[in-house]
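In case you want the letters, here they are:
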Amino acid sequence: MAWRCSGRSNNELIRNLARQGIITSDMIADAMAKVDRANYVVRPGDAYQDSPQSIGHGATISAPHMHAHALENLLPYIRPGATVLDVGSGSGYLAAVLHHLVSPVPSPDNPNPPQGKVIGIDHIPELVEWSKHNLERDGLGAALQDGRIEMISGDGRQGYPPAAPYDVIHVGAAAPTLPQALIDQLNTPGKMFIPVGIHSQSIWEVEKTVTGHVRKRELMGVMYVPLTDPDRQRNGI
């Protein structure tokens, strides 16, 4: 179970997530292994606990098992060269993992892999600046400089139209209802992973087919911080 997945290191955390069947893809395990959670938390000593952690300003970094669930669910659309939007990007952790999946490094078998783009958007400017620092500390300064990762201050409830459409949208806070603006910005095909609800919350997957048909499916119950405006978030409303 998820609460058994904590580790003493990043690699042990990932092994435990795989042992419990939460991570099933080697691609996801490899990408998560490249991103040290200790660079994205306030208390590095707790970085490998499988629990959400406060990062200030009323925001949290999600528990590792929820990041793993999201990545596994979205994986068919997280291909090299894809464009991804991470709403409520917070610490920048998931943007880093997504970057490694959509912008793989060259290899002898694939010397010129397609390079994608990850946009993280958060309405707390202080978190956006902190996330950039975290990404640089984690060795991703070049990706920030060349635009393969872009961290933006803005209202993620409205998406980010300038870079739409998105092959993948991940939302890291619970919307009261499914935001139509985000559905509209999905590519055809494209997929979104989003917590929805106020008192009772569930993860929903929203999939747009190549013809533009939208399919919605409820996956599991969760508890996330609300997707709201900056003042309400800072005040815990």
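Here, the structure is the one placed above.
Residues numbered from 1 in each chain as written. Predicted model: local features only at pLDDT ≥ 70, side-chain atom pairs only at ≥ 80, totals over all residues. Heavy atoms only, no water.

## Description of the pairing of strand 7 (residues 186–196)
Threshold: A simple rule labels every residue: compare its accessible area, found with a 1.4 Å probe on the protein chains alone, to the largest value its type can have, and call it buried under 20%, exposed over 50%, or partly exposed in between. Strands are runs of DSSP state E lasting at least 2 residues, helices are runs of H or I lasting at least 4, and numbering of each runs from the N terminus. Here, a strand pair is defined by DSSP locating no fewer than two bridges between the strands.
Counting buried residues along strand 7, 8 of its 11 residues qualify, which places the element largely inside the surrounding structure. The pairing of strand 6 (residues 166–171) with strand 7 spans 4 bridges and is classified as parallel. In the strand pairing of strand 7, Val-168 is matched with Lys-191. Counted between consecutive antiparallel strands, the loop separating strand 7 from strand 8 (residues 201–208) contains 4 residues, among which Gly-197 sits at a positive phi close to 130°.

## Observations regarding the side chain of Asn-73
We count it as follows: Whether two residues touch is decided by their heavy atoms; if any such pair falls within 4.5 Å, the residues are in contact.
Within the fold, Asn-73 resides in helix 3 (residues 64–74). If we ignore the near neighbours within four places in the chain, the residues touching Asn-73 are Lys-191, Phe-193, Glu-205 and Leu-219.

## Observations regarding the layout of surface pockets
Rules: The distinction between a cavity and a pocket rests on a 1 Å grid over the protein atoms alone: a 1.4 Å probe fits inside a cavity but cannot get out, while a pocket stays open yet meets protein on both sides within 12 Å along at least five of seven lines, and a residue with an atom within 4 Å of a point counts as lining. Grid points are joined across faces, edges and corners, and a volume is the space filled by probe spheres set on the points.
Counted as a void, the largest pocket has a volume near 240 Å³. What lines the largest pocket is simply Pro-52, Thr-60, Ser-62, Ala-63, His-65, Met-66, Gly-172, Gly-221, Val-222, Met-223, Tyr-224 and Val-225. Those elements that place two or more of their residues in the lining of the largest pocket are helix 3 and strand 9 (214–222).

## Side note on unusual backbone geometry
Cis rather than trans, the peptide bond between Ala-164 and Pro-165 has omega equal to 5°. Within the secondary structure, Pro-165 sits in the loop between strand 5 (149–153) and strand 6. Even without glycine at this site, His-57 takes up a positive phi of about 60°. Of note, His-57 is situated in the loop between strand 1 (53–56) and strand 2 (59–61). Owing to a relative accessible area of 31%, His-57 belongs among the partly exposed residues under this scheme.

## A look at the side chain of Asn-16
For the record, the criterion: Definition of a polar contact: a pair of N or O atoms within 3.5 Å, with one able to donate and the other able to accept a hydrogen when the atoms are protein atoms, and with sequence-neighbouring residues admitted only if both atoms are side-chain atoms.
Within the element layout of this structure, Asn-16 appears in helix 1 (residues 10–19). A distance of 3.4 Å separates a polar atom in the side chain of Asn-16 from the backbone oxygen of Cys-5. Non-local contacts of Asn-16, meaning those with residues more than four positions away in its chain, are made with Arg-4, Cys-5, Ser-6 and Gly-7.

## Description of empty space enclosed by the protein
Under the convention used in this document: Residues were grouped as follows: Ala, Val, Leu, Ile, Met, Phe, Trp, Tyr, Cys and Pro as nonpolar; Asp, Glu, Lys and Arg as charged; and all remaining residues, including Gly, as polar.
Under the definition given, this model contains 1 cavity of 30 Å³ or more. Within this model, the largest cavity holds a volume of roughly 270 Å³. Gly-88, Ser-89, Gly-90, Asp-122 and Gly-172 are the residues nearest the centre of the largest cavity, which is lined by 28 residues in total. Looking at the lining of the largest cavity, the elements with two or more residues in it are strand 2, strand 3 (83–87), helix 4 (93–102) and strand 4 (117–122). Looking at the lining of the largest cavity, the element that brings in the most residues is strand 2, giving 3 residues. When its residues are assigned to classes, the lining of the largest cavity shows 10 nonpolar, 14 polar and 4 charged.

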